[in-house]
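Understanding the architecture of this molecule
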Amino acid sequence: MAAVLKKRALAEYSTQVLEPQPPVKKLKCLVKLSALTTGATLSLVNTISGRRTPNEIVQILLQILEQLQFQDSDISNILIKLSEHFKLQSDSTVKILIFSVLSAIGSSDETSEDNVYKIIDEILTLMKEVKSQKIKTSGLKTLLALGKRMNHDMALHLKLTNYARKTLGDYRPNITCESLEVIGELMPVQIPQDSLEIHSEMLKLIGSYTQHYNAKTRSNAFNTMVRLHDRGIRLNPAVYLDVCSVINDDNEMVREAALNVISVLGNYYPEERIKGSNGEEMARMSDEAFENICNFMTDISYRIRTQAAKLLGSFLSVSTNVLLKTLDQTLMSNLRRKRTSIERVWECLAKGTAMMSALSTKDTPQEMLDAQQVSLVSTGASGAYLHGLEDEFLGNEVRIATISSMCSLATRHSEFAVIAMEFLVDMFNDEIEEVRLIAIESLVKLSYASGLRDDQVEIILAVIEDSSSVVREGLHNIFASFELLNQEGLMMCTNRLIESLKKYPEDKKSIWNCMKNLGLRHPTLTLALVPELLAIHPMFETPEPNVEEPSYVSVLILVFNAASKCNSIISLLEDKTIKHYSYLRDIMPHLVPSLQLGGRLSLSQVELRPTESDSPKSLELLESLINQVSVVKGSTKVKISLLETFYHNLIRLAQLDQSVNGTAELSALYMHSQLLLNKVLNNNNKTFYSNAVSTHQANNVRTNISQLLQNTLKMQYLFVGLSVQELASIKQFKLKVIALLLVYIVNATNQSARALSHYFLTQLEDTIKYISEHDLQLEAFTSVIFKELSQLEESKPGIVAKLLLPILQSSEPTPPPKPNTNIKMCKVVINRPQGGPDTTHKLSAGLILPIPLNAELYSLQTDSLSLLRLKIKYPDQQTHLIMPPRNHLRLVNLSNESYYLLDTNALISHRSEWSEACFVELSLAFDLTETEGALAHVLPPTQPCIVDLCKPVKLKVHPKPVRRGM
């Protein structure tokens, strides 16, 4: 029976299946894209003459655009043919596509500059007879694209600019707009001294189109002015008044472009004196432009309001008195601009009117006032930022732009920063989370300006228990960055942070980092609060708190960091607190500083204290272990016994010293894989010759090979900072494991091994290529395999497996790579849920139960984010892999480390009800099914391509039957 099964298993590799050939069908195709040659474009152009309808010509031109293949010598013939067809055709679509083909040919790197000049000249010739707006616009776009390629030829640019200047006279808006764009992009900046008036004439001409009847043309004129200014052709400051006269255009697009011009002028000529908006005094252009843009913070369009807010942040040279007006809450009385009594007296003296008459007009009734004195719209800079912060648009663009603008200006003006802090703190109550985050980040940048008052601390603490972890972390950063002004504020902040820690245990690291900075910034205030914080009684001894309690640890971090700046605190500490200091200093040295305790620390505690020289000693020990493995001589059994000893030593070393944890974990995993490989090869030889073995033995082999695949994929994907040599060693060991798997599948199972054999050969080719590119040396196994397989005429799975088995059995264990302290292992810590049998999660069968999940992911590469999955394993052994949303992952940067924080919901659901509550395992894993597809289903029911990142959390879940209504 075994012989029959083996014969049937090997039959699929030698059987030839003859499929009947389908009848030949003749299809009429215009062009075969697969048969395109180097001169295929010219051949396609030649076929146009045989086409009668415009649709056929359009199809050919589209095929040319999809795949251009030509030689530079063919361009002259192509240009002649296309020009002839352009003149003969009357269809506008054909002519536009011909211009597109010429543009693509001229923009190609294979086209010489001489041919580009020919194409441009031919287009200019063809454009003389063009009347259609669409065709002419397409021609201008082609000239613009070719002109950008020849960016070094100023004479050509001047020629194209003069042509575009002539086409400006066309009354059609599309042609005018495209001509303006050509001028803005190609107008030469460097011209002879005797031709400098060309720039001023061109700018004057463009300025005249700001009064054009078409809104798009007016907008393009303003954009062209900005583009020329950015390229080096500076605008005249006198243009400012002309732009202000048309800035209140009815079209939103025009107002947006005009604002950009005002911003450019105000920032480039900040000290230029111009007539102010009141028409009575000279003002700085920067201040006047700033106030002008402030008027648009109340524009009817939210896009204009957003752009105005962004542009205000670019006025870094604005005067402080003008800037302070933007936060002025007392606007003009009755929306009138009132003059002072001194101004009225001087006006009367100038007119020769009696002075008493001037003074008596201050109480003139409203009906007798001049209408020109009343301003219903323009309020200048007064309250401009307040309008932006209180914008009621459903989106958040205006408020976010306003906050960012205020922050950029506040970093340059300390007086403005102090006032702006009041309004930024108020924005913490905004209903949009993104607005709150921007306000928090902006406030942190203003920590240099002033400290936080008690009322501001109360407002911030009111939102310290926000549901968003990002907001809570931002608030912690605020307290870590600012100075508090008194003891009450510090005590209030400490108590609320401890309450927040009890409600959100996952915020432990952020709150501890905040406590550290609070202690370093407020040593004097902390000194007065030590008895209250540590519950020190002057007469009675209080119970010793639990040093593992996070809230107590938070207080100790605050006190110990303050003690590093104020030695008087140490004398107030009790002996039990000193013992707790010794413990915390050992387990979290990045949060607890070194203190001079003056002999209060016992000798045993001093000896246990880690020193700075421990890390080099651990690295030396690791190097000595690996060197002993590489130089040992003897039989394979001796090497295996040494590997077992070194494996246990490396595991212990990785647990003791975090500085070498990554490289020690990699070396231990490498040694464990070597031991497992040797075990499979030496103890289960019969398995590789026949499938007539016991089920128990076959299951053991299958389990060991699956574990080998898991270890190999872990070494390849879970470790970051690998050098070229280390990655080459892992790739070559992976070849051994895949070869072992291929031999097992062919000799001991009835599965097809074609895909796996192809995968093995592909991996071998990639590994050889990788090693040769980096000038590395092949291991003995890889070298022999490559030499033997290169001599095979056929690469059928049976032949390849027969060749691999003796090479695998004769291979010797290879030492792990040399230690590298840059290696870090990807690890995951699940903060929430905690799991356990105490809590039972109930749900109706068939419905979804969301479980909040909060996890920290360390040493995770950005490229690996797409592999991350939530792994949910049910009691019936069903496993669900769920990709978490990308926006639920965020990067957290602390002073000593950075990691990704995942805050999402794990969706648990099951169709059938259970008789009793069972455990559901929840964890995080990498799904390598797409990257390692050939290994995904070779060893069912195991899943070697699912690499776990942490131990699963067990949740007690009980689906109940759905209650049906009457």
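Thresholds applied
- Residues numbered from 1 in each chain as written.
- Predicted model: local features only at pLDDT ≥ 70, side-chain atom pairs only at ≥ 80, totals over all residues.
- Heavy atoms only, no water.
- Helix = DSSP H or I, 4+ residues; strand = E, 2+ residues; numbered from the N terminus.
- Expected span 1.5 Å × (residues − 1).
- Buried < 20%, exposed > 50% of the residue type's maximum accessible area, 1.4 Å probe, protein only.
- Contact = heavy atoms within 4.5 Å.
- Polar contact = N/O pair within 3.5 Å; in protein donor to acceptor, adjacent residues only side chain to side chain.
- Core = buried A, V, L, I, M, F, W, Y, C linked by side-chain atoms within 4.5 Å.
- Phe/Tyr/Trp six-rings, centres within 6.5 Å; stacked < 30°, edge-to-face > 60°.
- Lys NZ or Arg CZ within 6 Å of the ring centre and 35° of its normal.
- Salt bridge = Lys/Arg side-chain N within 4 Å of Asp/Glu carboxyl O.

1. A short note on helix H11 (residues 215-231)
A rise of 1.5 Å per residue sets the reference length of H11, with its 17 residues, at 24 Å; its end C-alpha atoms lie 25 Å apart and thus fit the reference within 8%. Taking burial as the measure, the 17 residues of H11 include 12 buried ones, the bulk of the element. Here H11 has its buried residues at Ala215, Thr217, Arg218, Ser219, Asn220, Ala221, Phe222, Thr224, Met225, Val226, Leu228 and His229. Buried-residue contacts for H11 involve helix H9 (173-186), helix H10 (197-208), helix H12 (239-245) and helix H13 (252-268). The residue sitting at the N-terminus of H11 and contributing the capping side-chain oxygen is Asn214; that oxygen lies 3.0 Å from the backbone nitrogen of Lys216. One or two steps after H11, the chain reaches Gly232, where phi turns positive at roughly 120 degrees.

2. What to know about the side chain of Asp391
With respect to the helices and strands, the residue Asp391 is situated in the loop between helix H19 (384-389) and helix H20 (397-410). Every residue in contact with Asp391, bar those within four places of it in the chain, is listed here: Arg305, Val398 and Arg399.

3. Focus: the nonpolar core
By size, the foremost hydrophobic cluster in this structure holds 170 residues, and its most contacted members are Leu61, Phe290, Phe479 and Leu518. Sorting elements by how many residues they give to this core places helix H28 (residues 550-563) first, with 10 residues. With near-sequence residues (within four places) excluded, Phe479 lies in contact with Leu452, Val457, Ile460, Leu461, Ile464, Cys493, Cys514 and Leu518. Among the nonpolar cores identified, the runner-up in size contains 86 residues, and Ala739, Tyr874, Leu889 and Val920 belong to it.

4. Quick look at the packing of aromatic side chains
Counted by the stated rule, this structure contains 8 aromatic pairs. Ring plane angle 10 degrees and centroid distance 4.1 Å describe the contact between Tyr302 and Phe393, whose orientation is recorded as stacked. Taken together, the residues Tyr302 in helix H15 (residues 302-312) and Phe393 in the loop between H19 and H20 connect sequence positions 91 residues apart. A relative accessible area of 32% places Tyr302 in the partly exposed class. An angle of 40 degrees between the planes, with centres 5.1 Å apart, marks the rings of Tyr858 and Tyr899 as tilted. Placement of the pair is Tyr858 in strand E7 (residues 849-858) and Tyr899 in strand E11 (residues 898-908), with a sequence separation of 41 residues. A cation over a ring is seen here: Arg472 above Tyr504, with NZ or CZ 3.7 Å from the ring centre. A cation over an aromatic ring shows up here: Lys509 above the ring of Tyr899, its NZ or CZ 5.3 Å from the ring centre.

5. A word on the pattern of salt bridges
Think of it this way: side chains of opposite charge can pair up when their charged atoms draw near. With the rule as written, the count across this model stands at 28 salt bridges. A salt bridge links Glu291 to Lys325, with the nearest nitrogen and oxygen atoms 3.9 Å apart. Of this pair, Glu291 sits in helix H14 (residues 285-294) while Lys325 sits in helix H16 (residues 320-325), and the two are 34 residues apart along the sequence. For Glu291, a relative accessible area of 17% translates into the label buried. The shortest N-O distance in the salt bridge between Asp507 and Arg472 comes to 2.5 Å. Taken together, the residues span a long stretch of sequence, with Asp507 in the loop between helix H25 (487-503) and helix H26 (508-521) and Arg472 in helix H24 (residues 469-481) at a distance of 35 residues. Of the two residues, Asp507 and Arg472, neither departs from the other in class, the shared state being buried. Ionic contacts of the salt-bridge type, sharing partners, join the residues Arg472, Glu506, Asp507, Arg832 and Asp903 into one network.

Worth remembering: the numbers are spatial, not functional.
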